[in-house]
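# Coordinate inspection notes
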Amino acid sequence: MNQVKSYRVAILGATGAVGAELLELLDQRQFPLAELKLLASPRSAGQKVKFKGQELTVEAVTEQSFENIDIVLASAGGSTSKAWASTIVKAGAVMIDNSSAFRMNADVPLVVPEVNPDAAKNHKGIIANPNCTTILMSVAVWPLHQVQPVKRIVAATYQSASGAGARAMEEMKEQAKAILAGETPKTEIFPYPLAFNLFPHNSALNEQGYCEEEMKMVNETRKIFGDQQIRVTATCVRVPVLRAHSEALNLEFEQPFSPEKAREILANSPGVKLVEDWQANYFPMPKDATGKDEVLVGRIRQDISHPCGLDLWLSGDQIRKGAALNAIQIAELLAQQNLVAPALTTV
Ligand code: A2P
């Protein structure tokens, strides 16, 4: 006899870019829902959102919002996550947090289900969803690292507007319209115009000159891989792409790693789609990664400057695998492995 378990889920940040994707994925992947609660700031209270043919009403988050909730999918920024985490945990729910607030806490698992699903077992009420560029890189590098340890990663990122949220995507569109109309583009979310431009990622810089986004790639990769030895350096750049990030990765292994072998491994790795047509010069592009679950990987080639080096290129949907899909996969893990109490069990 089959037992069907279903869960009471709340989305904190339901009106944002990732929130909208979470809703779509809960529906598409048929996550077993006993209840779905949509939470945001008081600005959005009363807003109606369609889900499975029904109209749900967005509520402003309050102290009572998490009572009788099993799983909270939080994507409302670090300060909102910090403000509500203890209320969520006290209410007995598991928080899957998309912000960076708890990622490096020793007692908070940082999970990419294709890489370290077992880490979720040790949760104490909070599981962190890694940074988007780190998730995309991990999915592509982990299968190779399993065959032969990667010693060093040199990454350059090409990050879309979506990484800064729904309002940032609108801002870039408005900037493009303004520039084409011969007007001065407005900047509110971004520090500089992004349309027809690019700039190094504008998160805070440390004394070594690295921005927060770059240090997330360094520190989070080590935690996810469970390998403190792996050396990572990155240059993160915001580019005028609406959605889906790309990355150029240079990987240094202990021994030479043939591109053919890397190709064969990646063609059979979970969450990866090999996209290479050398004749047509066709490789992963953000336009093709948009809306896809897989990280598109290609242009795998021998690094001519180093006998143990490989170069590759990837594009992945930042809102999907870089955020919402990874969070839903973690929720699915919790459900499959009984790591959260179900609201209802029916036979
Ligand atoms: P709201 O639409 O009411 O501002 P994005 O990352 O796309 O910008 O989305 C951010 C999400 O986080 C939105 O749903 C936003 O709701 C929500 N949010 C922002 N600040 C708060 C807050 N203080 N409390 C609850 N939700 C918040």
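Residues numbered from 1 in each chain as written. Predicted model: local features only at pLDDT ≥ 70, side-chain atom pairs only at ≥ 80, totals over all residues. Heavy atoms only, no water.

### What to know about the packing of helix α1 (residues 17-28) against helix α8 (residues 320-336)
For any two helices packed against each other, the geometry is given by the interaxial angle and the distance between the axes. To keep things clear, this is the line we draw: Here, axes are lines fitted to C-alpha atoms. For helices the fit covers the stretch in contact, and angles between N-to-C directions go from 0 to 180 degrees. Labels follow the DSSP assignment, with helices taken as runs of H or I lasting at least four residues and strands as runs of E lasting at least two, numbered in each case from the N terminus. For this classification, under 35 degrees means roughly parallel, over 145 means roughly antiparallel, 65 to 115 means roughly perpendicular, and everything else is oblique. Helix crossings fall into two classes, left-handed where the near helix is turned counterclockwise from the far one by less than a right angle and right-handed where it is turned clockwise. Should any heavy atoms of two residues lie within 4.5 Å, those residues are counted as being in contact. Ten residue types, Ala, Val, Leu, Ile, Met, Phe, Trp, Tyr, Cys and Pro, are classed as nonpolar, four, Asp, Glu, Lys and Arg, as charged, and the remainder, Gly among them, as polar.
Axis separation between α1 and α8 bottoms out at 9 Å; the angle between their running directions is 45 degrees. The pairing of α1 with α8 is recorded here as oblique in orientation. Where α1 crosses over α8, the two elements pack in a sense that is right-handed. Counting all contacts with α1, which are made through Val18, Glu21, Leu22, Glu24, Leu25, Leu26 and Gln28, the residues of α8 involved are Arg320, Ala323, Ala324, Leu325, Ala327 and Ile328. Taken together, the residues of the contact of α1 with α8 sort by class into nine nonpolar, one polar and three charged.

### So, the domain arrangement of the protein chain
Threshold: Residue ranges labeled as domains rest on an automatic or database domain assignment. What gets called buried area is simply the loss in accessible area from a 1.4 Å probe that two parts show on being joined, summed for both. Whenever Lys or Arg places a side-chain nitrogen within 4 Å of a carboxyl oxygen from Asp or Glu, that contact is recorded as a salt bridge. Two N or O atoms count as a polar contact when they lie within 3.5 Å, although within protein this holds only if one can serve as hydrogen donor and the other as acceptor, and sequence-adjacent residues are included solely when both atoms are side-chain atoms.
What the domain assignment reports for the protein chain is domain 1 (3-101 + 324-346) and domain 2 (133-316). Taken over C-alpha atoms, the centre of domain 1 sits 28 Å from the centre of domain 2. Counting residues at the interface gives seven residues for domain 1, matched by seven residues for domain 2. Buried surface at the junction of domain 1 and domain 2, both sides included, amounts to about 480 Å², of which 57% is carbon and sulfur. Viewed at the interface, domain 2 and domain 1 are joined by two salt bridges. A salt bridge links Glu21 to Arg243; the nearest nitrogen and oxygen atoms lie 3.3 Å apart. Along the contact surface separating domain 1 from domain 2 lie one residue pair in polar contact (both at pLDDT 80 or more). Counting residues per element, the ones that place at least two in the side of domain 1 that touches domain 2 are α1 and α8.

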